[in-house]
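# Survey of secondary and tertiary structure
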Number of protein chains: 2
Amino acid sequence: MEGFNLELSEQPESLEQILVDCRDTLKYGVRTGHPRFFNQLSSGLDIIGLAGEWLTSTANTNMFTYEIAPVFVLMEQLTLKKMREMIGWPDGEGDGLFSPGGAISNMYSVMIARYKYFPEVKTKGMSAAPRLVLFTSEHSHYSIKKAGAALGFGTENVILLSTDERYGILIPADLEAKIIDAKQKGYVPLFVNATAGSTVYGAFDPINEIADICEKYNLWLHVDGAWGGGLLMSRKHRHKLSGVERANSVTWNPHKMMGVPLQCSAILVREKGIMAGCNSMCAGYLFQPDKQYDVTYDTGDKAIQCGRHVDIFKFWLMWKAKGTIGFEQHIDKCLDLSQYLYNKIKNREGYEMVFDGVPQHTNVCFWYIPPSLRGMPDGDERREKLHRVAPKIKAMMMESGTTMVGYQPQGNKVNFFRMVVSNPAATQSDIDFLIDEIERMGHDL
Amino acid sequence: MEGFNLELSEQPESLEQILVDCRDTLKYGVRTGHPRFFNQLSSGLDIIGLAGEWLTSTANTNMFTYEIAPVFVLMEQLTLKKMREMIGWPDGEGDGLFSPGGAISNMYSVMIARYKYFPEVKTKGMSAAPRLVLFTSEHSHYSIKKAGAALGFGTENVILLSTDERYGILIPADLEAKIIDAKQKGYVPLFVNATAGSTVYGAFDPINEIADICEKYNLWLHVDGAWGGGLLMSRKHRHKLSGVERANSVTWNPHKMMGVPLQCSAILVREKGIMAGCNSMCAGYLFQPDKQYDVTYDTGDKAIQCGRHVDIFKFWLMWKAKGTIGFEQHIDKCLDLSQYLYNKIKNREGYEMVFDGVPQHTNVCFWYIPPSLRGMPDGDERREKLHRVAPKIKAMMMESGTTMVGYQPQGNKVNFFRMVVSNPAATQSDIDFLIDEIERMGHDL
């Protein structure tokens, strides 16, 4: 705040000052495109994607109607179809939209599931339905719970499922037990979220086993592949989403694993036409039925938004420029790099892995144990001290500005580092650098 | 679709082809920045705003935490405060966020109102509350109804209020009558939306009179200023939002009247801290309480999104470059232009105005009556023929590509043109051109 005048005033500033402001904004910002930025699932800066975003800004249009975004609407339809083909739905048929992010895409899935089973809720509200229950793993993204709160289910009706110790994946038997339990209480199970690439552990829930249970009890199956969906692009890794073609809906964020600039998230739905049924309000000023073109290209009414930013072009352009094969190489490379990290630290002195299994995604979760804690017996004192290590190292990273990686506690586990790689510009030497930095900064703690 | 290969394939395309794709995208697109594009509330292309968006794309970061978007988070806080000051809340105190558009901002207002009066809905769902009712004018934006459907109220519990003939503004007596009626039925009135600048007519609901009723019955007052909020920047026109300081929440889209590139919409709330109460889920992997900085700068948990695009910078930069005074000039100019249009056609042969009053915003709604219909007595035949005029002229406009303006029916009124001006690059000669085009294209219908 010091030395950078953020205040807005009555009078215009000079162009020189505006350029200084731009420079300062970049100077004090965080370089998320740097290969040593490992702090979020979204990182990197693809130059074609950036060019696509610049063109999009220049076109400055709106996705709600074909008449003002004809090219972008066609690109969106074609790209969504291609994504549905990769999911494995017959002929890529179905529905979908790009939304402002994974949380909103997940919210769509819950809304659409509700509309499928209880369409009268649209007009009459939640009181027209029995007590509906949603299921998701304790390691799933918090947006499922947020959707439960926002859409009127209530967070208490979002049942968290247990996960296994080895990988942090949902335990199907626990799902079935909790479905039976809910039914016995007189509640109505509606929706199951299977996570393909959990936020912290990078775990892939066993979709086929979950789909069996959903079929048995007639529940909507959503796959939250916001983080892991990109693996569908890789022949080597797509088996981790095996069964995804049995889902009713899928969230897939190209702005995460595939390096598309923010924002770029897709909600994909197997049943054609259901999104319009769920969301349409038929506003006369936008969706006139007497237009001179096929008004099914006016996609706005199936969104919960009215105006909708053009998120498709940068992604489409990157796909053109890289080909499917280019995304595959990108993904395989990031997964190789995290494997390199895992191999490097799993038996290294001063490291403990947070879960037993080999990482399924690029997430590598670990504790760094400073020398002062290495001989200490497990117990409250060690736990408390270890809990403070990652925040301290992170603070030093931020002050020195050399690298950045996330940490968090999880359940009864004290603060640990979550390393993720989604920037294909990262190399083994960047991984080596991270480890050196952690050890340098953490050595005397 | 012909002559433009949109298909995505396995293999990469050459850089030359990518450049051709970019050129084709612009070639077949619609020039929303052109001064003769009058089709939507968002138009124009501000060059500083564009530069701001380009810098934003280059920074490619995410608003959820201060640690990765320190400058943008501070800019957002400061700009929201400035907007709250312009609304007239004491010291600009309160809460707010930039959201992906006016529909989502309006959805926030309904969620927050529900949380204020029935906080237990967050955990227990809508069944923990009585039957809640929302009120909004028949001319208000459809996003209020959409929010009612999405959030579990049901569209039947979104009560549409009558409007006057002269301006299309909400009739306060009808609001009060419908509140009383709802209470008599045992329902619980919760929320009233007053529109500041309706989508079609540009009408400003009488906020002070509505606020009196909201205070009397203890209801949440939201002002949807998505379209009209910008008038707060104008000393000449801000009186149209008189009473806005009495609202509990306000939607204001700088991407409409103020010419900021899409997307840029703010939800502003008078009560400080309530958004976090409403939406927070305290995800440990993002919102660690033991960070080395003041974590109240981590705004992500008060959003319904997780990742959130940086919408602030382009707006902040435009404000710096134009000053408040520059926005005022922009707005006054657009309103002057629409006054020019209104004066030009109100008594011109072949035109009928859709409502009696002088336009309050830049919306000018009118029928063009081709010579063949001018002598015809009012009745079904004339109505049916007139209904087809605007779509035919619009189709010709789109085919010739010379200009573009919206049309729609409304209630029992057949298709009419809705002219809007938000691009300060438009001039009187562009207005003259539009009228000439309509007459040239419509003359022989």
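None of these values were measured; they are calculated from a predicted model. (Residues numbered from 1 in each chain as written. Chains lettered and ligands numbered in written order. Predicted model: local features only at pLDDT ≥ 70, side-chain atom pairs only at ≥ 80, totals over all residues. Heavy atoms only, no water.)

Examined bridge by bridge, strand β3 (residues 132–137) of chain B and strand β4 (residues 158–161) of chain B share four bridges and lie parallel to one another. Bridge assignment links Leu134(B) to a residue of β4(B), and that residue is Val158(B). (Pairing = 2+ DSSP bridges. Helix = DSSP H or I, 4+ residues; strand = E, 2+ residues; numbered from the N terminus.)

Another aspect to go through is the packing of aromatic side chains. This structure, assessed with the given rule, holds 37 aromatic pairs over all chains. Taken together, a centroid distance of 4.3 Å and an interplanar angle of 5° make the contact between Trp54(A) and Trp54(B) stacked. A residue pair is termed interchain when its members come from two chains, as with Trp54(A) in helix α2 (residues 47–59) and Trp54(B) in helix α2 (residues 47–59). Put simply, the rings of Phe4(A), Tyr28(A), Phe72(B), Phe313(B) and Trp316(B) pair up and form one aromatic cluster. Seen from the ring of Phe433(A), Arg36(A) lies directly overhead, with NZ or CZ sitting 3.8 Å from the centre. (Phe/Tyr/Trp six-rings, centres within 6.5 Å; stacked < 30°, edge-to-face > 60°. Lys NZ or Arg CZ within 6 Å of the ring centre and 35° of its normal.)

Residue and element names in this part refer to chain A. With numbering aligned to this structure, UniProt lists the feature "modified residue: N6-(pyridoxal phosphate)lysine" (unreviewed entry) at Lys256. Mapping Lys256 onto the fold places it in the loop between β7 (249–252) and β8 (265–269). Taking relative accessible area as the criterion, Lys256 reaches 15% and is therefore assigned buried. Excluding anything up to four places from it in sequence, Lys256 contacts Leu41, Ser42, Ala226, Trp227 and Ser422. (UniProt positions renumbered as here; feature names shortened; annotations may be inferred. Buried < 20%, exposed > 50% of the residue type's maximum accessible area, 1.4 Å probe, protein only. Contact = heavy atoms within 4.5 Å.)

Attention shifts here to the relation of the copies chain A and chain B. Superposing chain A onto chain B requires a rotation of 180° together with a translation of 0.0 Å along the rotation axis, leaving an RMSD of 0.0 Å. Taken together, the turn and the small shift mark the pair as related by a two-fold rotation axis. It is Leu151(A) whose C-alpha, among those of chain A, lies nearest the rotation axis, at 2.0 Å. (Least-squares fit on C-alpha atoms with pLDDT ≥ 70 in both.)

Moving on to the interface of chain A and chain B. Taken together, the contact between chain A and chain B spans 121 residues of the former and 120 residues of the latter. Between chain A and chain B lies a buried interface of about 10300 Å² when both sides are counted; carbon and sulfur atoms form 62% of it. At the boundary of chain A with chain B, the tally comes to eight salt bridges. Close ionic contact of Lys124(B) with Glu156(A) constitutes a salt bridge, the shortest N to O distance being 3.2 Å. Inspection of the region where chain A meets chain B yields 62 residue pairs in polar contact (both at pLDDT 80 or more). At ten residues, the largest contribution of residues to the side of chain A that touches chain B is made by helix α10 (residues 312–345) of chain A. Among the residues making up the side of chain A that touches chain B, the classes are represented as 62 nonpolar, 38 polar and 21 charged. (Buried area = accessible area lost by both parts, 1.4 Å probe. Salt bridge = Lys/Arg side-chain N within 4 Å of Asp/Glu carboxyl O. Polar contact = N/O pair within 3.5 Å; in protein donor to acceptor, adjacent residues only side chain to side chain. Nonpolar A, V, L, I, M, F, W, Y, C, P; charged D, E, K, R; others polar.)

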